[in-house]
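# Observations on chain architecture
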Amino acid sequence: MSSLKDICEGIPVDPLPEPRERDEAVPHAPIRTPDLTRDERRLALQNALRYFPPCLHETLASEFADELRTYGHIYMYRFRPTLEMRAYPIDEYPARCRQAAALMHMIMNNLDPRVAQFPQELVTYGGNGQVFSNWAQFLLTMKYLSEMSEEQTLVLYSGHPMGLFPSTPDSPRAIITNGMVIPNYSSRELYEKMFALGVTMYGQMTAGSYCYIGPQGIVHGTTLTVLNAARNQLGSDNMAGRVFVTSGLGGMSGAQAKAAVICGCVGVIAEVSGEALYKRYKQGWLLEVTDDLDTCISMIRHAKREKRATSIGYHGNVVDLWERLVLEYDRTGDLLVDLGSDQTSCHNPYQGGYYPAQLTFDEAREVMHENPVRFKNLVQESLRRHVAAINHLASKGLYFWDYGNAFLLEAGRAGADVGQNTGLHGTFFRYPSYVQDIMGDIFSLGFGPFRWVCTSGEPSDLDTTDDIAGTVMEDIINEGVKENVKQQYTDNIRWIKEASKNKMVVGSQARILYSDDNGRVAIATAFNKAVAEGKLKGPVVISRDHHDVSGTDSPYRETSNIYDGSAFCADMAVQNAIGDSFRGATWVALHNGGGVGWGEVMNGGFGLVLDGSNEAAERAKRMLSWDVSNGVARRSWSGNSKAKETICRIMEENPNMKVTVPNEVENKDILERALKD
């Protein structure tokens, strides 16, 4: 399996590839502890062997059983391709239709070792965000995509390619679901069993929907979050000499170092994994590194005094860093941190998403597997220490926010003093969610993380799309927009003009940009025109993060500012995926879990291939308008005044849009009188 042609021929069975050991030179996922019974282990083996003819079962059964015993999951390492895994130019894929080739380009980018967190376990980011459950699924999917016509749709159940089904050219080429479990059984414990059995999968957000674009995927949002936090809490977006402390340099969290420098502040990011930290350092996303706390504090003081924008990677546990910052304050009265957050994978705290301060990284990985009860106790103790240090500094002037990674949720469950208050409108903490306190108004205005990928693989195509997007946004401003919308466009024009200089590409030639419905439609149709005119050398895939205006129902993140009692309802995300599917998306995905964790969120995404055709332009217009307005309408109905203003503007521009808008109860005394006993 050393060529694209080889991996598109399906699962090799005659002859079988030679057994392959894991490559210990690359990072690997933590060993899972599904605690299967003997009958469940037998079922896991039986399920894995379904992909192979009976004549091979004797050979593979013992091998797969050994993987299950050793790693807690059957990854089928023997079937890892020897081909370099990366996003090849679209024309190199042996496919019958361009849409299928675009999907193959996106899938292979998610498994690129420069991009993926644990590539040999098919994990893209977040510690457990799977692209597929095993390598047989990858090979079978690539085979189906190579054979697909424009009158077929590939159906994928939690990584498993169920098959090609007849459809129409206007239908999606792929329908993806990940983790669709009956709600009463959507628990963390049952997930471990079901994943080990090979019957479900945690697709995170853009891992299982094939739309991940490396740490760039969140760097724009992180930049906007840090800048807006400074504007709101420090009174200025001039961050020279300001210090932002956080943790995580693995997958999405790798964006924090780059964002800090773009914002002009001193970013200090703790990371327990040396592999993850030095990967970002070598990629240029992290500027300075130390594994000594004394040195780290000295570096912070020097950069703060010099008002020098930099990113400092501390190779160690973030709890130790926070506690040292407390000690420095108590000793000297110097508050060395202005802003703080956390991007550990706390949605998965007991399977490698959060490492306790009491153990080294290697010790933690061993205890996690050998003694999960002790590991859980240590994690919870560490979370309590973590929050205690933050609370102390917050009382002295630190501004801290939850980055939607379930940090406060899990800390509260561990008994930390997070000021948790559960009431009519959901659960709230002492520190707000970044969506609730910082980004909420952006979503209500219809702005969110739009993205695109140039499938030619040519950097010049990405430069051209940057220019096109900048020009389109300038034209929209010149046509006249409201002041609050103009501010968003202005920020994004500055972003796109500086994007190339900031060297954010890791993997595919991709870009992220926050935009609203008008901007997305205008940019997409302009890209499509450029493909048609030959200004771009290949099709462009447009997509977005699931973390967007309409893509995600998550009461602790994307919908944390929904106050009508519907924060725990998931109609929006489900409706969005269904609506995208018949309005023109090339593929759609719907996931349980992502960001905040399994059972805590419902989210979905899409991919749309712009191939220069008139049909692609029409699909973009139909689908992108819905993809934004659905979430704006929901936010409006929940009582958000900015969202109501936005949806009314959209209705004025589109006479076919008729949205139910709420009538506010102006006199609240009426409610009290009506309910008087």
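Thresholds, definitions, all that
- Residues numbered from 1 in each chain as written.
- Predicted model: local features only at pLDDT ≥ 70, side-chain atom pairs only at ≥ 80, totals over all residues.
- Heavy atoms only, no water.
- Salt bridge = Lys/Arg side-chain N within 4 Å of Asp/Glu carboxyl O.
- Helix = DSSP H or I, 4+ residues; strand = E, 2+ residues; numbered from the N terminus.
- Buried < 20%, exposed > 50% of the residue type's maximum accessible area, 1.4 Å probe, protein only.
- Pairing = 2+ DSSP bridges.
- Contact = heavy atoms within 4.5 Å.
- Axes fitted to C-alpha atoms, helices over the stretch in contact; angles between N-to-C directions.
- Parallel < 35°, antiparallel > 145°, perpendicular 65-115°, else oblique.
- Left-handed = near helix turned anticlockwise from the far one by under 90°.
- Nonpolar A, V, L, I, M, F, W, Y, C, P; charged D, E, K, R; others polar.

Below, the discussion takes up the pattern of salt bridges. Counted according to the given criterion, the structure contains 43 salt bridges. In this structure, Arg 649 and Asp 517 form a salt bridge, with 3.2 Å as the shortest nitrogen-oxygen distance. Here Arg 649 is found in helix 22 (residues 641-653), whereas its partner Asp 517 is found in helix 19 (residues 517-532), with 132 residues between them in sequence. The residue Asp 553 makes a salt bridge to Arg 634 at a minimum N-O spacing of 2.5 Å. Highlighted residues: Asp 553 in strand 17 (residues 552-553) and Arg 634 in helix 21 (residues 614-637), separated in sequence by 81 residues. One exposure class covers both Asp 553 and Arg 634, and it is buried.

Taken in spatial order, the 6 strands line up as 8-9-7-6-10-11 in an open sheet, and their pairing is parallel. Every other strand in the sheet has two partners, leaving strand 8 (288-290) and strand 11 (399-400) as the edge strands with one partner each. Relative to strand 9 (residues 310-315), strand 7 (residues 266-271) runs parallel, the two being bridged by 6 bridges. Of the residues in strand 9, the one forming a bridge with Glu 271 is His 315. This element, helix 10 (residues 293-306), spans strand 6 (243-247), strand 7, strand 8 and strand 9 of the sheet and lies at about 170 degrees to strand 9. In this fold helix 11 (residues 318-332) packs onto strand 6, strand 7, strand 9, strand 10 (339-340) and strand 11, with an angle of close to 150 degrees to the strand it touches most, strand 6.

Packed helices, taken two at a time, are described by the angle between their axes plus the distance between the axes. Running from N to C, helix 2 (residues 38-49) and helix 3 (residues 57-71) cross one another at 130 degrees; their axes reach a closest spacing of 10 Å. By the angle between their axes, helix 2 is oblique relative to helix 3. Along this stretch, helix 2 crosses helix 3, giving a crossing that reads as right-handed. Between helix 2 and helix 3, the residues in contact are Arg 41, Ala 44, Leu 45, Ala 48 and Leu 49 and His 57, Leu 60, Ala 61, Phe 64, Ala 65 and Leu 68, respectively. When the residues that make up the contact of helix 2 with helix 3 are grouped by side-chain class, the tally is 9 nonpolar, 1 polar and 1 charged.

Position of Ala 309 relative to the elements: it lies in the loop between helix 10 and strand 9. As a C-alpha pair, Ala 309 and Cys 265 span 44 residues in sequence and 4.8 Å in three-dimensional space. Excluding its chain neighbours within four sequence positions, the residues that come into contact with Ala 309 are Val 261, Gly 264 and Cys 265.

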